[in-house]
Amino acid sequence: MNNGYITLPSAVIPVTREVDVLVIGGGASGIAAAIAAARGGATTMLVEQRGFLGGMGTVALVPAFCPFTDKQKPIVRGLGLQLMEQMKEACDPAFRKEYQDMLDWVPIDPEVLKRVYDNAVLESGVTPLYHTFVYDVVLSPDRKTVEGVIVVNKTGRSFISCRYIIDCTGDGDIAALAGVPFQKGGEEGELQPGSMCYLLANVDRPKFSRFLEESGDTGQLHTTVELAISEGALPEGRKSISGLAWVSDYLVGVNFGHVFGIDGTLAEDLTRGAIEGRRTAERQLQFFRKYVPGFEHAHMVASGEQLGIRETRRIEGDYILTVDDFITARSFPDDIARNAYYIDIHLANSKSDMTFNHLPPGVSHGVPYRIMLPVGIDNLWVAGRSVSSDRAVQGSLRVMPNCFSMGQAAGTAAVLALQGSTGSRGIAVAELQRRLLEQDVWLGEDRVPAEKEKEKEGNTP
Ligand SMILES: Cc1cc2nc3c(=O)[nH]c(=O)nc-3n(C[C@H](O)[C@H](O)[C@H](O)COP(=O)(O)OP(=O)(O)OC[C@H]3O[C@@H](n4cnc5c(N)ncnc54)[C@H](O)[C@@H]3O)c2cc1C
């Protein structure tokens, strides 16, 4: 041991795979990236540290999908919308009946969703590799290309070689390992808090609904939570529940309260967050049983395998999407998606404020291709929560519908790069947009698929 470090002997490890496109991280962005790449004809592997897909939506039991609409029409379409519809289809008849026409805040049935994701990646031809953690990358001698990653799993250490790689870890792990500059949190390193989400069974939704009607309290239980805080049954902090998502009349997903000061890129913090999160959830369970009619016999059947993490690294890309772009609903020549979700920044400590900034109904801004291109590396895309944006916009872009969109665009771009033997910056962006439109992605009123354009021309008198 030398000054707190040890030197490892050099090691020879097996090359277990050689793929065209390697996707790391099986959350919303990674699932969409892998499916898009495989459907485009690339040999594609999806590496995920857990034994299932879904990222925060299943690992951390985030209870609902954020809106796919701009409050007037669906604007996030393509793979994300299709996967959510597949989840609805696979749920019980009562779930289908209640949510079949909803596109915003559809509750997540995590066990159903895990199976839907398994099937979707397998059907597309992706090779999934679960229970596998990426802990290092190998760069080309000029350090501009990622040649592959070193993984560790039950089988041991091995190398997966790739031509192109998409970082969907939510934390920008691959970009950071490749030396891409990044920012984490605010000016003083402050981060949005995490939340331990959970599922409560044995609840009585009709009784709860009657309570809301009779008491006049909101669906987020503002009055009841304030009362519980004043009586010491809940800690100071957020004065309402973020969300209750009813999977059935007797099962509800809960997102409530915060755990502060957790950096999701540090194992020690994640450990503390998990333990504190479960303690918080237990206290909330007692609150529900005592204060909320319909929850008297609530039983916690599951809490997140890890604390839900809202914010870690934001990589530096060829463009940094800003709050000004959001507010002015800017469009870009290289748009690969549209976003209308509000800026939703949770308080950094129990005394600070939440920030919300909504676009008017029907308004959305463009999401440019360049925010997925980490500076300095030519065969790497970053999609999902850690794309290149300022902190405020990350508070909006981070939600699952957007992560699906970015993933789908990154996977499609990787296919184009493969076909043209170019780097990520060498592809024809117009062709990328054409392919996305063909895949039912929506890029705004003025950008429609070619056959619709022809129909429009045909209609011209
Ligand atoms: C408490 C909370 C509430 C939220 N509420 C909502 C909501 O209501 N609706 C909504 O749409 N969004 C919500 N969000 C946001 C949303 O869930 C996430 O931002 C989104 O899931 C991010 O998707 P992603 O694909 O970028 O990353 P993630 O979902 O985090 O997925 C990343 C995946 O990569 C894997 N991984 C990471 N590092 C490695 C590695 N080194 N090797 C191998 N695998 C790795 C992880 O295990 C994980 O499965 C919420 C988030 C939180 C924390």
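Remember, predicted model here, so these are calculated numbers, not experimental data.

Trainee: Please clarify how the pairing of strand 12 (residues 251–255) should be interpreted in this entry.
Mentor: Each regular strand shows side chains that alternate between the opposite faces of the sheet. Across the 5 residues of strand 12, 5 count as buried, placing the element largely inside the fold. Side chains of strand 12 alternate between two faces, with Leu251, Gly253 and Asn255 and Val252 and Val254 buried alike. When strand 11 (residues 243–248) meets strand 12, the two strands line up antiparallel, connected through 5 bridges. Paired with Trp246 across the strands is Val252, a residue of strand 12. A loop of 2 residues connects strand 11 with strand 12, the two strands running antiparallel in sequence.

Trainee: What should I look at first to understand a nonpolar patch on the surface in this one?
Mentor: A cluster of nonpolar side chains, namely Met1, Ile6 and Leu8, defines an oily patch on the protein surface of about 430 Å² accessible area. Relative to the helices and strands, Ile6 is located in the segment before strand 1 (15–24). The class of Ile6 is exposed, set by a relative accessible area of 60%.

Trainee: Explain unusual backbone geometry here, please?
Mentor: Trans peptide bonds make up most of the peptide bonds, and negative phi angles are found at most residues other than glycine. The backbone of Asn202 shows a phi angle near 65 degrees, a positive value even though the residue is not glycine. Tracing the sequence through the fold places Asn202 in the loop between strand 10 (198–201) and helix 7 (205–215). Phi at Leu221 is positive, roughly 60 degrees, even though this residue is not glycine. Within the element layout of this structure, Leu221 appears in the loop between helix 7 and helix 8 (222–230). Of the residues examined, Leu221 reaches a relative accessible area of 0% and is grouped as buried.

Trainee: I'm lost on the packing of aromatic side chains in this one. Help?
Mentor: In this description, a pair of aromatic rings is defined by centroid distance and the angle of the planes. Going through the model one piece at a time under the given rule, you end up with 15 aromatic pairs. On the numbers, 6.2 Å between centres and 65 degrees between planes, the contact of Trp105 with Tyr341 is edge-to-face. Within this pair, whereas Trp105 is found in the loop between helix 4 (93–99) and strand 4 (106–107), its partner Tyr341 is found in the loop between strand 15 (335–339) and strand 16 (343–345), the two being separated by 236 residues in sequence. Owing to a relative accessible area of 41%, Trp105 belongs among the partly exposed residues under this scheme. Residue class for Tyr341 comes out buried when judged on its relative accessible area of 7%. Seen in terms of ring centroids, Phe208 and Phe295 are 5.4 Å apart; in terms of plane orientation they differ by 75 degrees. Their pairing is edge-to-face. With Phe208 in helix 7 and Phe295 in the loop between helix 9 (267–291) and strand 13 (299–303), this residue pair connects regions lying 87 residues apart in the sequence. Neither residue differs from the other here; Phe208 and Phe295 are each classed as buried.

Trainee: Looking at this structure, how should I read the domain arrangement of the protein chain?
Mentor: How big an interface is tends to be reported as the loss of accessible area on association of its parts. Each assigned domain of the protein chain is listed here: domain 1 (15–97 + 109–187 + 312–451) and domain 2 (198–303). Taken together, the contacts link 17 residues of domain 1 with 18 residues of domain 2. Summed over both sides, the interface of domain 1 with domain 2 buries roughly 1300 Å², with 69% coming from carbon and sulfur. Remark: the boundary between domain 1 and domain 2 carries 1 salt bridge. Note that Asp263 is salt-bridged to Lys184, the shortest N-O span being 2.7 Å. Taken together, domain 1 and domain 2 are joined by 2 residue pairs in polar contact (both at pLDDT 80 or more). Of the residues contributing to the side of domain 1 that touches domain 2, the split by class is 9 nonpolar, 4 polar and 4 charged.

Trainee: Just checking my understanding: could you explain helix 8 for this structure?
Mentor: Three- or four-residue spacings in an α-helix give side chains the same orientation, since the helix completes a turn every 3.6 residues. Turning to helix 8, its buried residues number three or more, namely Thr224, Val225, Ala228 and Ile229. Projected down its long axis, helix 8 shows its buried positions confined to an angular sector of 135 degrees, all on one face. Relative to its buried face, helix 8 has exposed residues pointing more than 90 degrees away, namely Thr223 and Ser230. At its buried positions, helix 8 is contacted by helix 7 and helix 9. Positive backbone phi, approximately 80 degrees, marks Gly232, located one or two places after helix 8.

Trainee: Sorry if this is basic, but what is going on with the pattern of salt bridges here?
Mentor: For side chains of opposite charge, pairing can occur when their charged atoms come near one another. For the coordinates displayed, the defined rule picks out 24 salt bridges. Of the charged contacts, one joins Glu98 and Arg205 as a salt bridge, the two residues approaching to 2.9 Å between their closest N and O atoms. Note that Glu98 is positioned in helix 4 and Arg205 in helix 7, a separation of 107 residues in sequence. The exposure class of Arg205 is buried, given its relative accessible area of 16%. Connected through shared salt-bridge partners, Glu431, Arg434, Arg435 and Glu438 make up one network.

Trainee: Mind showing me how you'd approach helix 1 (residues 28–39) here?
Mentor: Compared with an ideal rise of 1.5 Å per residue, which puts 12 residues at 16 Å, helix 1 spans 17 Å between its outermost C-alpha atoms and is within 8% of the ideal. For helix 1, a buried count of 11 out of 12 residues is recorded, marking the element as mostly surrounded by other parts of the structure. Looking at helix 1, one finds that the buried residues are Ala28, Ser29, Gly30, Ile31, Ala32, Ala33, Ala34, Ile35, Ala36, Ala37 and Ala38. The elements touched by buried residues of helix 1 are strand 1, strand 2 (44–47), helix 3 (78–90), helix 5 (110–124), strand 8 (156–167) and helix 12 (400–420). Immediately downstream of helix 1, the backbone of Gly41 shows phi near 105 degrees, a positive value.

Rules of the game
- Residues numbered from 1 in each chain as written.
- Predicted model: local features only at pLDDT ≥ 70, side-chain atom pairs only at ≥ 80, totals over all residues.
- Heavy atoms only, no water.
- Buried < 20%, exposed > 50% of the residue type's maximum accessible area, 1.4 Å probe, protein only.
- Helix = DSSP H or I, 4+ residues; strand = E, 2+ residues; numbered from the N terminus.
- Pairing = 2+ DSSP bridges.
- Patch = residues over 30% accessible without salt bridge, like charges linked within 9 Å, V, L, I, M, F, W, Y side chains within 5 Å.
- Areas by Shrake-Rupley, 256 points an atom, 1.4 Å probe, with all protein chains shown as cover.
- Salt bridge = Lys/Arg side-chain N within 4 Å of Asp/Glu carboxyl O.
- Phe/Tyr/Trp six-rings, centres within 6.5 Å; stacked < 30°, edge-to-face > 60°.
- Domains from an automatic or database assignment.
- Contact = heavy atoms within 4.5 Å.
- Buried area = accessible area lost by both parts, 1.4 Å probe.
- Polar contact = N/O pair within 3.5 Å; in protein donor to acceptor, adjacent residues only side chain to side chain.
- Nonpolar A, V, L, I, M, F, W, Y, C, P; charged D, E, K, R; others polar.
- Arc of directions from axis to C-beta.
- Expected span 1.5 Å × (residues − 1).

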